[in-house]
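# Reading the structure
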Amino acid sequence: MNIATPKFGVGASALRKEDRKLIMGEGAFTDDIRAEGELRGYVLRSPHAAARFRFVDVEAARASEGVHLVFTASDVADLGPVTSQVTLKQPDGTRHAQKHIPLLCDGEVRHVGDAVAFIVADTLEQAQDASELIDIDWDIEDAQADLATALDADRPLVWPDLGTNQAFLYRTGDIEKTGEAFAQADHVTTIDFINNRLVSNYMETRACLAEWDDETSKFTLTLGSQGVHGIRDTIAKDIFRMDVEDFRVITRDVGGGFGTKAFNYREYPLSLEAARRLSRPVKWVSDRTEHFLADAHGRDNKVTASLAMNEDGRILGLKIDVMANMGAYLSQFGPFIPVFGASMATGVYDIQNLDFKLRGVYTHTTPVDAYRGAGRPEAAFLIERLIDAAAREIGMPVAELRRRNFIRPEQFPYHTPGGRMYDVGEFDGHMTRALEKANVAGFSDRIREAESRGKLRGLGTAVYIEACAFAGSEPARLTLDADGGITLYIGTQTNGQGHATAYSQFVAEQIGIDFDKITVRQGDTAELAKGGGTGGSRSIPLGGVSVSAASRVLADKMKKLAADELEASAADIELVDGTARIVGTDRVISYADMAKAAKSDDDRTGLADVVQDEATYPNGTHICEVEIDPETGGVEVVRYTIVDDFGMTVNPVLLLGQIHGGVVQGVAQCLSEGVVYSEDGQLLTASLMDYAVPRADNLPFFDFETRNIPSTTNAMGIKGAGEAGTIGACPAAMNALVDALDRARGVRQIEMPATPQRVWEALNG
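Structural notes, computed from the coordinates. For clarity, every value in this text was computed on a predicted model and none was experimentally measured.

### Examining empty space enclosed by the protein
Applying the stated criterion across every chain, the model contains five cavities of 30 Å³ or more. Volume-wise, the largest cavity comes out at about 180 Å³. In this structure, the largest cavity is lined by 19 residues; those nearest its centre are Ile101, Tyr265, Arg266, Ala294 and Pro367. Considering only residue class, the lining of the largest cavity consists of eight nonpolar, six polar and five charged. In this structure, the second largest cavity occupies an estimated 90 Å³ of space. Every residue along the wall of the second largest cavity is listed here: Asn301, Val303, Val322, Pro338, Gly341, Ala342, Phe356, Gly375, Glu378, Ala379 and Leu382. Broken down by secondary-structure element, the contributors of at least two residues to the lining of the second largest cavity are strand 13 (298-309), helix 8 (336-343) and helix 9 (376-394). Here the lining of the second largest cavity is composed, by residue class, of seven nonpolar, three polar and one charged.

Laid out in structure tokens, this is it:
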């Protein structure tokens, strides 16, 4: 089947071309890759959240069968730590202190799972056995795992030298003007809640294969990542203090990322250094419990927010106080995540006055960083829960309160008090359409029908906006290959999104060629000088635009090549079905023959690096309906409606998959997922037996459509969609749940995750 027809260009529902390989078990995930002489690495981790320690005996482990090396902190003291890349300016003008993640702890651990030693042996089992021979004298200290009390006086300090558990203070908005707005208000609504901590739980746990070449003195690191260039740069510059040219980083297939695989982790440089010392490849593979203990967590904020309104329901001001848990150390982008959320705090509403106070907090827990949405879900949850609560308090239909306060189309471009510039939007338009699709007018009938079955029914709405595809670019390089195929080189990294399919659509739009003859190459620093990786919904809005531009450049060159060979004008050449043809004739030349005719590599190469100056702003409306079984507290999502504005749809099938996955993660945060620590810092939810990930049968089919308004900041009008489902879903689900609880028992507040036990307790006082 030739799919280089217009219906398989941009906008078409082309099916994923990469799936056959994965379904047939032909993928190349990191643990599938074997190197000759490969050894296995294992990390000995702290069983305590806060403790001082000393090694009594390490030599027994070093002498154990099959063991080649045991690292403790002193053995890697010449290497740098895993650094945070963010230092914030505080209100007093100072920059906060940085507490980086050590490769191995030197006499003190700060969370359960902190790395103490690294063992390399012939087999994983031998490395694990050797770890049990390491004799450690532990002096256990009091731990501070609770965010809510971490700043109280006389609480245990994660970093005693700071004299406080406050990692940083950040403020944005105008304190004075917001105070004046509140003084003039006719009504103030205040809510308090916890935005619960989450674990990514991608299917493929992290892994790496580290290699060292004695002849060239260069490293090769193969790992599952969301972008090889960023990881290469932080390892080379911050840890080994070597030139980036001395490192080749490769990513093959990746089984999910969600932000958490974008970062550098201590196991990567430890494996690299072990490979250099031993002149042998070293592989490290995380197990699921290590994922819970050692991979960056997401969310975890304690929030108080107040909304000031006049008697007509117009919003006058917004005050927000956030405590954001950073964990024991500052992760790579950790401090930036809640700051990012602060910039989106006013959501889709015309709120002129904002006072946002943010305190980063250290606790004896796993570090926190970007997880799908990275600050925007937290912001959307805050404002949409607050709007819902305000409408209930003043007795106004929540849709009407939203309408009165939406930013109107004529106000764009709109500068928010959080520092964002929204370019376009029709928020009332997609909310109105979503209300129609969800048949909100018939909801009262559905309430009565549910009551006849002994169920409580609730409906919740969330209207969200997010910032993504941030200012920058993603260079793309296309080549016409000798066999007539096209190869794309680009520095993003697919981890399940379907990049090979989507990028091929941009190529097919400009160059008539079968999908099977388009190869997408990602994940190798040896093939591309730079790349921004995948995160922040940037791959298609930035990468796709550059791929389209590079395709046009190559198409023009191919037409010139064909024109020279066919003795015609380039303007008379069309590219179709893998051939260049003089329009209206049967005179053609194949792409393979054109490649042979090229006099230089440049003649068969298309390059483009389209720069974008401003972020894009996807937005939309989610409407969720739930039913509660009052006997058990069980909650079932029974209807779900979405109308989104993504500017332009590249592939409806891929888009639907992104939205489905995002909604599931957002609803799961509301109803089931949540990290739990004990008072002494033990992780009580450290396995899939204790941490409730969602299942397919937890959700209904989604009713989804787009109502796109093209972005003016993106060259093709694309806004991005990878995180949007998560951002809209959590507040929609919670608003639905509270609606049901309020109707039944007058309950207007419940913490996430709203497990059956919590719901039952709320219903029964």
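### Re the sheet that holds strand 14 (residues 315-327)
Strand pairing in a sheet relies on backbone hydrogen bonds, with the paired strands running either antiparallel or parallel. Here we have five strands laid out as an open sheet, ordered 7-15-14-13-8, and mixed in their pairing. This sheet does not close on itself; its edge strands, each paired only once, are strand 7 (166-173) and strand 8 (187-198). For this sheet, the mean inter-axis angle between neighbouring strands, taken without regard to orientation, is 10°. The strands touched by helix 9 are strand 8, strand 13 and strand 14; relative to strand 8, the strand with the most contacts, the crossing angle is about 145°.

### Focus: the nonpolar core
Where a protein is soluble and globular, its nonpolar side chains tend to be buried together. Counting residues in each nonpolar core, the largest one holds 167 residues, and the members touching the most others are Ile320 and Tyr640. Looking at this core element by element, the count peaks at 12 residues for helix 17 (residues 724-745). Excluding anything up to four places from it in sequence, Tyr640 contacts His622, Ile623, Cys624, Val663, Val667, Pro700, Phe701, Phe702, Asp703, Gly728, Ala729 and Ala732. One finds Phe515, Ala563, Ile582 and Ala595 within the second-largest nonpolar core, a separate group that totals 42 residues.

### Topic: the pattern of salt bridges
Tallying each qualifying case throughout the model produces 59 salt bridges. In this structure, Asp703 and Lys437 form a salt bridge, with 2.8 Å as the shortest nitrogen-oxygen distance. Linking Asp703 in strand 28 (residues 703-706) with Lys437 in helix 11 (residues 427-437), this pair joins segments that are 266 residues apart in sequence. Between Glu625 and Arg446 there is a salt bridge whose closest N-O contact spans 2.5 Å. Taken as a pair, Glu625 in strand 26 (residues 619-628) and Arg446 in helix 12 (residues 443-452) lie far apart in primary sequence, 179 residues in all. The exposure class assigned to Glu625 is buried, which follows from its relative accessible area of 2%. One connected set of salt bridges, linked through shared partners, spans Arg446, Glu449, Arg453, Arg457, Glu625, Glu627 and Arg639.

### Overview of the sheet that holds strand 6 (residues 135-140)
Read across the open sheet, the three strands follow the order 4-2-6; overall the sheet is antiparallel. The sheet terminates laterally at strand 4 (108-109) and strand 6, the two strands that pair on one side only. Pairing analysis gives two bridges linking strand 2 (residues 51-57) to strand 4, with the strands arranged antiparallel. Bridge pairing in strand 4 places Ala51 opposite Val109.

### Examining the environment of Gly666
With respect to the secondary-structure elements, Gly666 resides in helix 16 (residues 652-671). Along the sequence, Gly666 and Glu723 sit 57 residues apart, while their C-alpha atoms lie 9.8 Å from each other. Among residues more than four places away in sequence, those in contact with Gly666 are Thr726, Ala729 and Cys730.

### A closer look at the packing of aromatic side chains
Here the structure, examined in full by the defined rule, presents 21 aromatic pairs. With centroids separated by 5.5 Å and ring planes inclined at 70°, the aromatic side chains of Phe292 and Tyr691 adopt a geometry described as edge-to-face. Of this pair, Phe292 sits in helix 7 (residues 288-294) while Tyr691 sits in the loop between helix 16 and strand 28, and the two are 399 residues apart along the sequence. Assigned by exposure class, Phe292 and Tyr691 land together as buried. Geometrically, the ring pair formed by Phe336 and Phe340 is stacked, given 5.5 Å between the ring centres and 20° between the ring planes. Here the residue Phe336 and the residue Phe340 both occupy positions in helix 8, the gap between them amounting to four residues, near one helical turn. Under the relative-accessibility criterion, Phe336 is labelled partly exposed at 36%.

### Considering helix 17
With 22 residues, helix 17 extends 32 Å between its outermost C-alpha atoms, agreeing within 8% with the 32 Å of an ideal straight helix rising 1.5 Å per residue. Of all 22 residues in helix 17, 19 are buried, a share of seventy percent or more. Just beyond helix 17, the residue with positive phi is Gly746, at close to 75°.

Parameters and conventions
Residues numbered from 1 in each chain as written. Predicted model: local features only at pLDDT ≥ 70, side-chain atom pairs only at ≥ 80, totals over all residues. Heavy atoms only, no water. 1 Å grid on protein atoms, 1.4 Å probe; cavity = no way out; pocket = protein on both sides within 12 Å on 5 of 7 lines; lining within 4 Å. Points joined across faces, edges and corners; volume = space filled by probe spheres on them. Nonpolar A, V, L, I, M, F, W, Y, C, P; charged D, E, K, R; others polar. Helix = DSSP H or I, 4+ residues; strand = E, 2+ residues; numbered from the N terminus. Pairing = 2+ DSSP bridges. Axes fitted to C-alpha atoms, helices over the stretch in contact; angles between N-to-C directions. Contact = heavy atoms within 4.5 Å. Core = buried A, V, L, I, M, F, W, Y, C linked by side-chain atoms within 4.5 Å. Buried < 20%, exposed > 50% of the residue type's maximum accessible area, 1.4 Å probe, protein only. Salt bridge = Lys/Arg side-chain N within 4 Å of Asp/Glu carboxyl O. Phe/Tyr/Trp six-rings, centres within 6.5 Å; stacked < 30°, edge-to-face > 60°. Expected span 1.5 Å × (residues − 1).

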